[in-house]
Amino acid sequence: MNLRVLACALACLAAPASAHAFLDHAKPGAGTVLQVAPGSVMLLFSDDLQPESGVTILDSSGHSVGTGRVMITGNCIMAPLRRLGAGKYRVVWHAVSMDDHRTQGAYVFEVKP
Amino acid sequence: MHILPKGAVRAAALMLAAAITASPGQAHGVIGQRFFPATITTDDPFAADELALPTVSRFDHETDVEFDYSKTIFPGFAIEVGMGHVNIHAPGEPRARGFDNLEVSPSVELYRSPAHEFILTTGLEWEVGGTGSRSVAERSSTYTPTVKFGKGFGDLPDSLKYLRPLAVTGTVGYAMTGATSEPRSIEWAGAVEYSLLYLQNNVRDESFGRLVSHLTPLVEFRFSSPTDGSGTTGTINPGLIWSGKYIQLAAEAMIPVNRASGHGTGFIAQLHFYIDDLFPHSLGRPIFGGHK
């Protein structure tokens, strides 16, 4: 009886599941100071994402920096950037995981003159 | 048959009313940019689908093994049930062991502010008297209306950016026991936590790696202050929580604040399952009103 219960519990744990998508890695990363402007912002998450996910890059005055077409593939969001001038930039992202759980975050990186 | 005190009835009615009007909330521990791990000494302020199995503690000649299961009924409204096994072996006294009373704890999220990483929750903790073993459990019920909160400091200015990973949670309750010999008491507890995940993702990329970045160092405390003036007792618990994708592991030391609280340093550890992430389309959804 106990073995059956255990087998059932293991089968349940092995069932397909998805989770909150937390940011695993970002490039450029939070707080990074760069000598050369990045060509893109890439965000890697702990889980696959739905297309409703997205990212916006703001300059120090809060205006959106124009990006190319944002690509969302698997657990990755990639936003190509036009050449950025010196200054601080804020990356604002939101992620919708495959189970509809939503997470969000923001961080700043800097491009030196 | 136990009769609920009037205060507890009012608290339950208020919670039900609030549950009907509660706005949909996100699942386990996320508000705004903040993830609050489930604390093990302090009941966290989220109504979520989660299972703590087991929670093991050893302190002052007592070893407890417990489980707690929380189920969302509506978004923002959950009912938690918990029970444990107690083994007391004080020097010079006969060993006492058995199951503690069943605890039933409905809670409802009253207010969320994602921008300020703030949440306010109210709940009722009901220790159902007479459901445990006579040797270790009280025969009378205890009702504790409780207010809980969580606050992250992600809204601090740039000059204090290294304090942004800090967060606090707290609970305050008024315990009313049915036994006339037992005094009523203020039950208060809290946690101060520093999220390395928040530091890594929102403040400064320290290239910690997945194992370290998912750690949250914290200090919890839990105190009981009887209203008859017989003195506050409690413990301060420094420790670590590691939050994974579906589970979290936590371990803390338990340090008594005074002689009346116990002798020697103990420990508490927990394995915790995020049911909403393990079973997002079945067991991990609210019974009523959850999205697909």
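Keep in mind that what you see is a predicted model, and the values were worked out from it rather than measured.

*Asks:* Could you give me a rundown of the overall build of chain A, with the residues and numbers involved?
*Replies:* Counting its regular elements, chain A contains one helix and eight strands. Looking at chain A as a whole, 27% of its 113 residues qualify as buried. For chain A, the share of sequence-separated contacts (at least 6 apart) that also reach a separation of at least 24 residues comes to 64%.

*Asks:* Could you give me a rundown of the sheet that holds strand 1 (residues 23-27) of chain A, with the residues and numbers involved?
*Replies:* Residues and elements named next belong to chain A. Read from one edge of the open sheet, four strands run 1-3-6-5, paired in antiparallel fashion. Every interior strand has two partners, whereas the edge strands, strand 1 and strand 5 (71-73), have only one. Mean inter-strand twist for the sheet, computed between neighbouring axes without regard to direction, equals 15°. Bridge count between strand 1 and strand 3 (residues 40-45): four bridges; the pairing is antiparallel. Note that in strand 3 the partner of Ala26 across the bridge is Leu43.

*Asks:* Pulling in residues and values, what's your account of the nonpolar core?
*Replies:* Counting 37 residues, the largest nonpolar core has Leu43, Phe45, Val55, Ile77 and Val91 of chain A as its most contacted members. Judged by nonpolar contacts, the second largest core, of eight residues, contains Ala191, Leu218, Ile241 and Met254 of chain B.

*Asks:* Lay out unusual backbone geometry with the relevant residues and their values.
*Replies:* With an omega of -5°, the peptide bond between Lys27 of chain A and Pro28 of chain A qualifies as cis. If you trace the backbone, Pro28 of chain A turns up in the loop between strand 1 and strand 2 (33-34). The residue after Leu53 of chain B, namely Pro54 of chain B, is reached through a cis peptide bond having omega -5°. One non-glycine residue, Asp60 of chain B, lies in positive phi territory at about 50°. Mapping Asp60 of chain B onto the fold places it in the loop between strand 3 (50-59) and strand 4 (62-74). You can call Asp60 of chain B partly exposed: it has 15 C-beta atoms within 10 Å. For His61 of chain B, which is not glycine, the phi dihedral falls at a positive 65°. Inspection of the secondary structure puts His61 of chain B in the loop between strand 3 and strand 4. Among the residues examined, His61 of chain B registers 16 C-beta atoms within 10 Å and is labelled partly exposed.

*Asks:* Tell me what's going on with the interface of chain A and chain B, and back it up with residues and numbers.
*Replies:* When the parts come together, some accessible area is lost, and that loss is often what is quoted as the size of the interface. The partner chain B presents 22 residues to the 23 residues of chain A that form the contact. Elements that contribute at least two residues to the side of chain A that touches chain B include exactly strand 1 and strand 8 (102-111) of chain A. At six residues, the largest contribution of residues to the side of chain A that touches chain B is made by strand 8 of chain A. Partitioned by chemical class, the residues of the side of chain A that touches chain B number nine nonpolar, 10 polar and four charged.

*Asks:* Describe the sheet that holds strand 7 (residues 87-96) of chain A, and please don't skip the residues or the numbers.
*Replies:* All names here are of chain A. Judged by pairing direction, the sheet is mixed, and its four strands sit side by side in the order 2-8-7-4 without closing on themselves. Two strands close off the open sheet at either side, each with one partner strand: strand 2 and strand 4 (54-58). Pairing analysis gives five bridges linking strand 4 to strand 7, with the strands arranged antiparallel. Its bridge partner lying in strand 7, Val55 is registered against Trp93.

*Asks:* Residue-level account of the confidence of the model for chain B, with values.
*Replies:* All names here are of chain B. Summary statistics for chain B give a mean pLDDT of 90 and a share of 90% for residues scoring 70 or more. Averaged over each element, pLDDT in chain B is lowest for helix 1 (residues 6-21) (48) and highest for strand 11 (residues 185-194) (98). This model gives residues 14-25 a pLDDT under 50, and the stretch forms 22 contacts once residues within four places in sequence are excluded. Scored by ipTM, the complex comes to 0.81, with pTM at 0.86.

*Asks:* How would you summarise the environment of Met176 of chain B if you had to cite specific residues and measurements?
*Replies:* Along the chain, Met176 of chain B turns up in strand 10 (residues 166-177). Among the residues examined, Met176 of chain B registers 18 C-beta atoms within 10 Å and is labelled partly exposed.

*Asks:* Go over the pairing of strand 13 (residues 233-243) of chain B, please, and point to the residues and values.
*Replies:* Where a strand is regular, its side chains alternate between the two sheet faces. All names here are of chain B. Relative to strand 13, strand 12 (residues 215-226) runs antiparallel, the two being bridged by 10 bridges. Of the residues in strand 13, the one forming a bridge with Ser224 is Thr233. Hairpin connection, strand 12 to strand 13: the antiparallel pair is bridged by six residues, and Gly229 has positive phi, about 80°. Two strands pair when backbone bridges link them, and strand 13 and strand 14 (residues 247-256) are joined in this way by seven bridges, in the antiparallel orientation.

*Asks:* Give me the lowdown on the environment of Asn201 of chain B, citing residues and values where you can.
*Replies:* You can see Asn201 of chain B is positioned in helix 2 (residues 196-203). For Asn201 of chain B, a count of 27 C-beta atoms within 10 Å corresponds to the buried category. Along the chain, Asn201 of chain B and Gly173 of chain B lie 28 residues apart, while their C-alpha atoms are 35 Å from each other. Ignoring any residue separated from it by four or fewer positions in sequence, one finds Asn201 of chain B in contact with Leu23, Ala30, Gly105 and Tyr107 of chain A.

*Asks:* Give me the lowdown on the environment of Thr42 of chain B, citing residues and values where you can.
*Replies:* Residue and element names in this part refer to chain B. On the secondary structure map, Thr42 appears in the loop between strand 2 (34-35) and strand 3. Along the chain, Thr42 and Lys148 lie 106 residues apart, while their C-alpha atoms are 9.5 Å from each other. Once you skip the residues sitting within four places of it in the chain, Thr42 turns out to touch Thr169, Thr171, Ala189, Gly190, Ala191, Glu220 and Arg222.

About the cut-offs
Residues numbered from 1 in each chain as written. Chains lettered and ligands numbered in written order. Predicted model: local features only at pLDDT ≥ 70, side-chain atom pairs only at ≥ 80, totals over all residues. Helix = DSSP H or I, 4+ residues; strand = E, 2+ residues; numbered from the N terminus. Buried ≥ 20, exposed ≤ 12 C-beta atoms within 10 Å, placed from the backbone. Contact = placed C-beta atoms within 7 Å. Pairing = 2+ DSSP bridges. Axes fitted to C-alpha atoms, helices over the stretch in contact; angles between N-to-C directions. Core = buried A, V, L, I, M, F, W, Y, C linked by C-beta atoms within 7 Å. Nonpolar A, V, L, I, M, F, W, Y, C, P; charged D, E, K, R; others polar. pLDDT = per-residue confidence, 0-100.

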